[in-house]
Amino acid sequence: GDGFVSAGSNMGHDGGESATWTLGHPEKVKDWGLRAHFYVATAAKTLADAFYGQPVSHSYFEGCSNGGRQALMMAQNYQTLFDGIVAGAPSNFYPDVLMWLLWSGVHQTPVFGQPAVVSPAKRTAITQRVLQACDAIDGLVDGQITNPRACVFNIDSMGPAGDGTLTAAELAVAKAMYAGTTSETGQQRYTGAKFGGEADWDPNFADNGGYGPFIGHYVYGVLSPPFDWRRDVNFSTVYDQAKAAVTPITAAPSPDLTAFKNHGGKLIQFAGWNDSVVPPDGSVNYYHSLTLFEKLHTLPSATIDALVNNLSSQDVAVTAQFLGDRVRQYHRLFMLPAVSHCGGSTGPSSIGGGMPEPPAAFRDADHHVVSAVIKWVEQGVAPE
């Protein structure tokens, strides 16, 4: 309807996680992780050229969640394949997100098949209390928190030492969700959910997505059982082993988009602040890594590593302040208040790109993210 040749694939296998896909088939996992879209896009361009007798003028990629991860994989690994890319709620720090989903599942639903520790009604009650504390800090009481990282809320006020809304067990789960993945010795491994998104927590996402069996099959090469992720996973050694095995074929952390930028590529990234599946801090962190790359990329690698390992939050903020405009020439990040994973919840999410599509009357560059990246690429008008 928009005048495109379009293409998609099963990325090398049908269905969800299963031993027949991953166990003994590492090449299929590599296809799923990175290669499939390169080959499909290359084939589609070749077919279009043959059919129309001329090469395509522009090519675009859109995806959300795992599709957002794939979008950033394309931007980082095949930097001249697409002119414009839309990356929604990208799980580009994939091994960390994978382990976060297990952390989230084992705390919210420690016994599979049993009700979640914190019921939907209790989760909604927490959100209502958070909104009472933080909704107005952006100047408008509208059921949305524009920047949840500026929200200050004491969850203990709802626990046994507060008004008793939450039991000790429920309070512990809430704190674990806010804390993010943490090792058994207290080491922070990855970020977690934000204030205001409690009603959108998904207690069974890890189970429904097969993320635990994936580790058993791909990382350890065993059927599940005997690998039972609730029993066997930990957030220290298993975390490290999974990250080492999965990172090379699934993660997209690189801030080096030099060839993409020089090609004239444009990238729009977005995420919902209420997302408890792919924590939204990951998108903010990737933006900051882009600004730091602009500052540091001419230095030797060892020097960069030393500087990055000793960064303060003030260093990051100052770098973003002075180099953000340089990044914004090829990358724009939009954070959606009160929006859950790839849509849903109560905020404005009908923008396309893997989120719900807007009504036809709003399918333009001001309301529709794919139209926005097209206008940016083809007319040089960036979205604000």
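This text follows the structure it describes.
First, a word on scope: everything that follows refers to the structure included in this document. (Residues numbered from 1 in each chain as written. Predicted model: local features only at pLDDT ≥ 70, side-chain atom pairs only at ≥ 80, totals over all residues. Heavy atoms only, no water.)

## Looking at the sheet that holds strand 4 (residues 331-336)
Reasoning step 1: Read from one edge of the open sheet, 4 strands run 1-2-3-4, paired in parallel fashion. The open sheet has two edge strands with one neighbour each: strand 1 (60-64) and strand 4. Averaged over all pairs of adjacent strands, the angle between their axes in this sheet comes to 10°, without regard to strand direction.
Reasoning step 2: Pairing of strand 1 with strand 2 (residues 84-88), which is carried by 5 bridges, proceeds in the parallel orientation. Bridge pairing links cysteine 64 to glycine 88 in strand 2.
Reasoning step 3: Helix 12 (residues 281-296) contacts strand 3 (266-272) and strand 4 of the sheet and is inclined by roughly 155° relative to strand 4. (Pairing = 2+ DSSP bridges. Helix = DSSP H or I, 4+ residues; strand = E, 2+ residues; numbered from the N terminus. Axes fitted to C-alpha atoms, helices over the stretch in contact; angles between N-to-C directions. Contact = heavy atoms within 4.5 Å.)

## Regarding the pattern of salt bridges
Reasoning step 1: In total, this model carries 17 salt bridges according to the counting rule given.
Reasoning step 2: Arginine 189 is the partner of aspartate 240 in a salt bridge, and the nearest nitrogen-oxygen pair spans 2.6 Å. With aspartate 240 in helix 10 (residues 237-250) and arginine 189 in the loop between helix 6 (168-179) and helix 7 (205-209), this residue pair connects regions lying 51 residues apart in the sequence.
Reasoning step 3: You can call aspartate 240 partly exposed: its relative accessible area is 41%.
Reasoning step 4: The exposure class of arginine 189 is buried, given its relative accessible area of 19%.
Reasoning step 5: For glutamate 357, the salt bridge identified is with arginine 363, shortest N-O distance 2.6 Å.
Reasoning step 6: Look at arginine 363 and you get partly exposed, because its relative accessible area is 35%.
Reasoning step 7: Linked through salt bridges whose partners overlap, the residues forming this network are Glu27, Lys30, Asp31 and Arg35. (Salt bridge = Lys/Arg side-chain N within 4 Å of Asp/Glu carboxyl O. Buried < 20%, exposed > 50% of the residue type's maximum accessible area, 1.4 Å probe, protein only.)

## Considering the nonpolar core
Reasoning step 1: Among the nonpolar cores identified, the biggest contains 75 residues, and Met74, Ile85, Met99 and Ile155 are the most heavily contacted of them.
Reasoning step 2: Looking at this core element by element, the count peaks at 9 residues for helix 4 (residues 94-108).
Reasoning step 3: Leaving out residues up to four positions away in the same chain, methionine 74 has contacts with Leu34, His37, Phe38, Phe61, Gln79, Leu81, Phe82 and Ile85.
Reasoning step 4: Listed in part, the 18 residues of the second largest apolar core include Ala89, Leu336, Met355 and Val373. (Core = buried A, V, L, I, M, F, W, Y, C linked by side-chain atoms within 4.5 Å.)

## Here we look at the packing of aromatic side chains
Reasoning step 1: All chains considered together, the criterion is met by 16 aromatic pairs.
Reasoning step 2: When the centroid spacing of 5.6 Å and the interplanar angle of 75° are considered together, the rings of tryptophan 32 and tyrosine 94 count as edge-to-face. Here tyrosine 94 lies in helix 4 and tryptophan 32 lies in helix 2 (residues 26-52), a separation of 62 residues in the sequence.
Reasoning step 3: Tryptophan 32 sits in the buried class, given a relative accessible area of 11%.
Reasoning step 4: The exposure class assigned to tyrosine 94 is buried, which follows from its relative accessible area of 6%.
Reasoning step 5: Ring centres of tryptophan 103 and phenylalanine 235 lie 5.2 Å apart, and the angle between their planes is 85°; on these two criteria the pair is classed as edge-to-face. Here tryptophan 103 is found in helix 4, whereas its partner phenylalanine 235 is found in the loop between helix 9 (229-232) and helix 10, with 132 residues between them in sequence.
Reasoning step 6: Overall, the relative accessible area of 8% leaves tryptophan 103 in the buried class.
Reasoning step 7: Phenylalanine 235 sits in the buried class, given a relative accessible area of 5%.
Reasoning step 8: Put simply, the rings of Trp21, Trp32, Tyr94, Phe214 and Tyr218 touch in pairs and so form one group of aromatic residues.
Reasoning step 9: Across from the ring centre of tryptophan 32, 4.7 Å away, lies the NZ or CZ of arginine 69, which sits over that ring. (Phe/Tyr/Trp six-rings, centres within 6.5 Å; stacked < 30°, edge-to-face > 60°. Lys NZ or Arg CZ within 6 Å of the ring centre and 35° of its normal.)

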